[in-house]
Amino acid sequence: MKLESGCDFITPNDYPLRPYSENQLGQAPHYDPGLLILLLPGLSNGLQLEHHGKWINANPQPNSIVVSIADQIEILTNGKYKCVFHRVVLNNNVRRISLPLFIGPSLDTMVSPLPECVDEHHPPAYLVKTYKELLEANQYHEIDVKSCLKNVRL
Ligand SMILES: O=C(O)CCC(=O)C(=O)O
Ligand SMILES: [Fe+2]
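As the structure is a computational prediction, the values presented were derived from the model and not from experiment.

Visitor: Is there a simple way to think about a nonpolar patch on the surface in this case?
Guide: A cluster of nonpolar side chains, Ile10, Leu36, Leu38, Leu40, Ile65, Val67 and Leu99, forms an exposed patch at the surface whose accessible area comes to about 570 Å². Among the elements that line the nonpolar patch, the one with the most residues is strand 4 (residues 36–40), at three residues. Of note, Ile65 is situated in the loop between strand 6 (54–57) and strand 7 (66–69). Here Ile65 falls in the exposed class, since its relative accessible area comes to 51%.

Visitor: Help me understand the coordination of the iron ion (ligand 2), please; the structure alone is not making it clear to me.
Guide: Within the protein, the iron ion (ligand 2) binds to His30 (NE2), Asp32 (OD), Asp32 (OD) and His86 (NE2); these donor distances fall in the range 2.1 to 2.8 Å. Within one chain, the residues serving as donors to the iron ion (ligand 2) are arranged as H-x1-D-x53-H. Note that Asp32 is positioned in the loop between strand 3 (25–30) and strand 4 and His86 in strand 8 (residues 86–89), a separation of 54 residues in sequence. No difference in accessibility class separates Asp32 from His86, as the two residues are buried.

Visitor: Got a minute to help me understand the site of ligand 1 in this structure?
Guide: In the region of ligand 1, 14 residues are neighbours, and Tyr15, His30, His86, Arg96 and Ser98 sit closest. Residue His30 places a side-chain N or O atom 3.0 Å away from an oxygen atom belonging to ligand 1. For ligand 1, the accessible surface in isolation is 290 Å², of which the surrounding protein chains cover 98%. The site holding ligand 1 turns out to be the largest pocket. Those elements that provide at least two residues to the shell around ligand 1 are strand 2 (13–15), strand 3, strand 8 and strand 9 (96–103). The element contributing the most residues to the shell around ligand 1 is strand 9, with four residues. Here the residues of the shell around ligand 1 are counted per class, giving six nonpolar, five polar and three charged.

Visitor: Looking at this structure, I do not really get the nonpolar core. What am I missing?
Guide: For soluble globular proteins, the rule of thumb is that nonpolar side chains tend to be buried together. One finds Ile75, Leu134, Leu149 and Val152 to be the most contacted residues of the largest nonpolar core, which totals 13 residues. Those elements that place two or more of their residues in this core are helix 1 (71–76) and helix 3 (148–152). Among residues more than four places away in sequence, those in contact with Leu149 are Tyr31, Asp71, Glu74, Ile75, Cys83 and Tyr126. In this structure, Leu39, Leu47, Val88 and Leu90 belong to the second largest nonpolar core, which totals five residues.

Visitor: Would you mind going over the environment of Thr109 with me for this structure?
Guide: Positionally, Thr109 belongs in the loop between strand 9 and strand 10 (110–111). Note on Thr109: relative accessible area 5%, which makes it buried. Sequence separation between Thr109 and Lys132 is 23 residues; the distance between their C-alpha atoms is 8.1 Å. If we skip the residues at most four places from it in the chain, Thr109 touches Met1, Lys2, Lys129, Thr130 and Tyr131.

Visitor: Mind showing me how you'd approach the pattern of salt bridges here?
Guide: Once their charged atoms are close, side chains differing in charge can pair, the charge on each being opposite to the other. Tallying each qualifying case throughout the model produces three salt bridges. For the salt bridge of Arg95 with Asp14, the shortest nitrogen-to-oxygen distance reads 2.6 Å. In this pair, Arg95 is assigned in the loop between strand 8 and strand 9 and Asp14 in strand 2, connecting sequence segments 81 residues apart. Accessibility expressed as a relative area gives 52% for Arg95, which makes it exposed.

Quick notes on the rules
Residues numbered from 1 in each chain as written. Chains lettered and ligands numbered in written order. Predicted model: local features only at pLDDT ≥ 70, side-chain atom pairs only at ≥ 80, totals over all residues. Heavy atoms only, no water. Patch = residues over 30% accessible without salt bridge, like charges linked within 9 Å, V, L, I, M, F, W, Y side chains within 5 Å. Areas by Shrake-Rupley, 256 points an atom, 1.4 Å probe, with all protein chains shown as cover. Salt bridge = Lys/Arg side-chain N within 4 Å of Asp/Glu carboxyl O. Helix = DSSP H or I, 4+ residues; strand = E, 2+ residues; numbered from the N terminus. Buried < 20%, exposed > 50% of the residue type's maximum accessible area, 1.4 Å probe, protein only. Donors = N, O, S within 2.8 Å, 3.2 Å for Na, K, Ca; no water. Near = heavy atom within 4 Å. Polar contact = N/O pair within 3.5 Å; in protein donor to acceptor, adjacent residues only side chain to side chain. 1 Å grid on protein atoms, 1.4 Å probe; cavity = no way out; pocket = protein on both sides within 12 Å on 5 of 7 lines; lining within 4 Å. Sits in = over half its atoms within 2 Å of the grid points. Nonpolar A, V, L, I, M, F, W, Y, C, P; charged D, E, K, R; others polar. Core = buried A, V, L, I, M, F, W, Y, C linked by side-chain atoms within 4.5 Å. Contact = heavy atoms within 4.5 Å.

That is the geometry; function is a separate question.
And the structure:
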């Protein structure tokens, strides 16, 4: 994958306080686009990851950066490393601000399973698309539950 230039973007999140409302969602369950996400998770909890059908709290350490796998790593590794399905639950007591940096290749980069991850037992499991086409498949709407992965998994 050519990574001399890339398409990175930051989409800050500001989640309001919602007293007296248990488990109200700040972000619906979704997959993130791109290669990797570097997230400054702010001071409050709320980020949850799906693991074997259950939601678990990420509970990042104070002053840490959360690194998570986005959809292109799943495609590049031919499904070996799965994109993290996650959501945000609003906090009853603390206003939550988070800062995710979405790291991706340039928009015209073809994203396909790496040859090292394909063999006779692991045939290519994803369609070959450019990063731009992957974003379009997701309607540029990263918080939509519909991930581009659904459109490119074979
Ligand atoms: O607020 C968070 O911790 C996560 C944000 C997130 O998942 C996103 O913006 O895609
Ligand atoms: Fe996300």
